[in-house]
Amino acid sequence: MGHKKQGIGLALLAFGLFIVGGIATFGGLAMAGFMPEKDIFGWGSGRGIGYLALCVGLCLSILGVLLMRIFRNRGFS
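The rules we used
- Residue numbers here run from 1 along each chain, matching the order of that chain's written sequence.
- Two thresholds apply to this predicted model, a pLDDT of at least 70 for residue-level local features and 80 or more for giving and counting side-chain atom pairs, whereas whole-chain, interface and lining totals are computed over all residues.
- Where side-chain values are given, they derive from all heavy atoms of the structure, hydrogens and water being excluded.
- Secondary structure follows DSSP: runs of H or I at least 4 residues long count as helices, runs of E at least 2 residues long count as strands, and numbering of each begins at the N terminus.
- Only residues above 30% relative accessible area that lack a salt bridge enter a patch, with like-charged residues linked at up to 9 Å and the nonpolar side chains Val, Leu, Ile, Met, Phe, Trp and Tyr linked at up to 5 Å.
- Areas reported as accessible are Shrake-Rupley estimates using a 1.4 Å probe. Residue values count occlusion only from the protein chains shown.
- Criterion for a salt bridge: a side-chain nitrogen of Lys or Arg within 4 Å of a carboxyl oxygen of Asp or Glu.
- Only protein chains enter the accessibility calculation, which uses a 1.4 Å probe; a residue is then buried when its area is under 20% of its type maximum, exposed when over 50%, and partly exposed in between.
- The span one expects for a helix is its residue count, reduced by one, times 1.5 Å.
- Here a polar contact means two N or O atoms within 3.5 Å. Within protein one must be a hydrogen donor candidate and the other an acceptor candidate, and residues neighboring in sequence count only if both atoms are side-chain atoms.
- Every residue pair with non-hydrogen atoms within 4.5 Å of one another is taken to be in contact.

## Brief notes about the environment of Phe-26
(1) Moving on: Along the chain, Phe-26 falls in helix H1 (residues 2-34).
(2) Moving on: As a C-alpha pair, Phe-26 and Leu-13 span 13 residues in sequence and 20 Å in three-dimensional space.

Below you can see the structure in the form of structure tokens.
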């Protein structure tokens, strides 16, 4: 029974990474497209922060998908 609970937790973690990555990806696209010259909290231009969010979001989405595949193939869920 504990093995099943662990599998659900890992699946939720993977799915959460996938969702957060998607939000960051599209948020980064919106920032780079609609606020290219605006200063974002003193961190830099909207284009630079947008590209950073785009790349990090894509990496998180890919990681989430890979984790879901690994957990499914290993029988955790």
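## A word on a nonpolar patch on the surface
(1) Moving on: Taken together, the side chains of Phe-15, Phe-18, Ile-19, Ile-23 and Val-65 present a nonpolar region at the surface, about 450 Å² in accessible area.
(2) Moving on: Counting residues per element, the nonpolar patch draws most heavily on H1, at 4 residues.
(3) Moving on: When its relative accessible area of 60% is taken as the criterion, Ile-23 is described as exposed.

## Observations regarding helix H2 (residues 46-73)
(1) Moving on: Look at H2: 40 Å from first C-alpha to last across 28 residues, which is about the 40 Å you get at 1.5 Å a residue.
(2) Moving on: Turning to H2, its buried residues are Gly-46, Ile-49, Gly-50, Ala-53, Leu-54, Gly-57, Ser-61, Gly-64, Leu-67 and Phe-71.

## Notes on unusual backbone geometry
(1) Moving on: The backbone of Phe-41 sits at a positive phi, close to 55°, despite the residue not being glycine.
(2) Moving on: Here Phe-41 is to be found in the loop between H1 and H2.
(3) Moving on: Overall, Phe-41 belongs to the exposed group, its relative accessible area being 72%.

## Remarks on the environment of Cys-55
(1) Moving on: Inspection of the secondary structure puts Cys-55 in helix H2.
(2) Moving on: A relative accessible area of 47% means that Cys-55 is categorised as partly exposed.
(3) Moving on: Between the alpha carbons of Cys-55 and Lys-5 there is a distance of 32 Å; along the sequence they are 50 residues apart.

## Digging into the environment of Arg-74
(1) Moving on: If you trace the backbone, Arg-74 turns up in the segment after H2.
(2) Moving on: What makes Arg-74 exposed here is its relative accessible area of 65%.
(3) Moving on: Here the alpha-carbon distance between Arg-74 and Gly-7, two residues 67 residues apart in the chain, equals 9.9 Å.

## A closer look at the side chain of Thr-25
(1) Moving on: By the element assignment, Thr-25 lies in helix H1.
(2) Moving on: Among the polar contacts made by the side chain of Thr-25, one reaches the main-chain carbonyl oxygen of Gly-21 at a distance of 2.7 Å.
(3) Moving on: From its side chain, Thr-25 meets the backbone nitrogen of Leu-58 in a polar contact 3.2 Å long.
(4) Moving on: Apart from the residues lying within four places of it in its own chain, the contact partners of Thr-25 are Ala-53, Leu-54, Gly-57 and Leu-58.

## With respect to the pattern of salt bridges
(1) Moving on: Counting across every chain of the model gives 1 salt bridge.
(2) Moving on: The residue Glu-37 makes a salt bridge to Arg-47 at a minimum N-O spacing of 3.8 Å. Within this pair, whereas Glu-37 is found in the loop between H1 and H2, its partner Arg-47 is found in helix H2, the two being separated by 10 residues in sequence.
(3) Moving on: Given a relative accessible area of 66%, Glu-37 falls into the exposed group.

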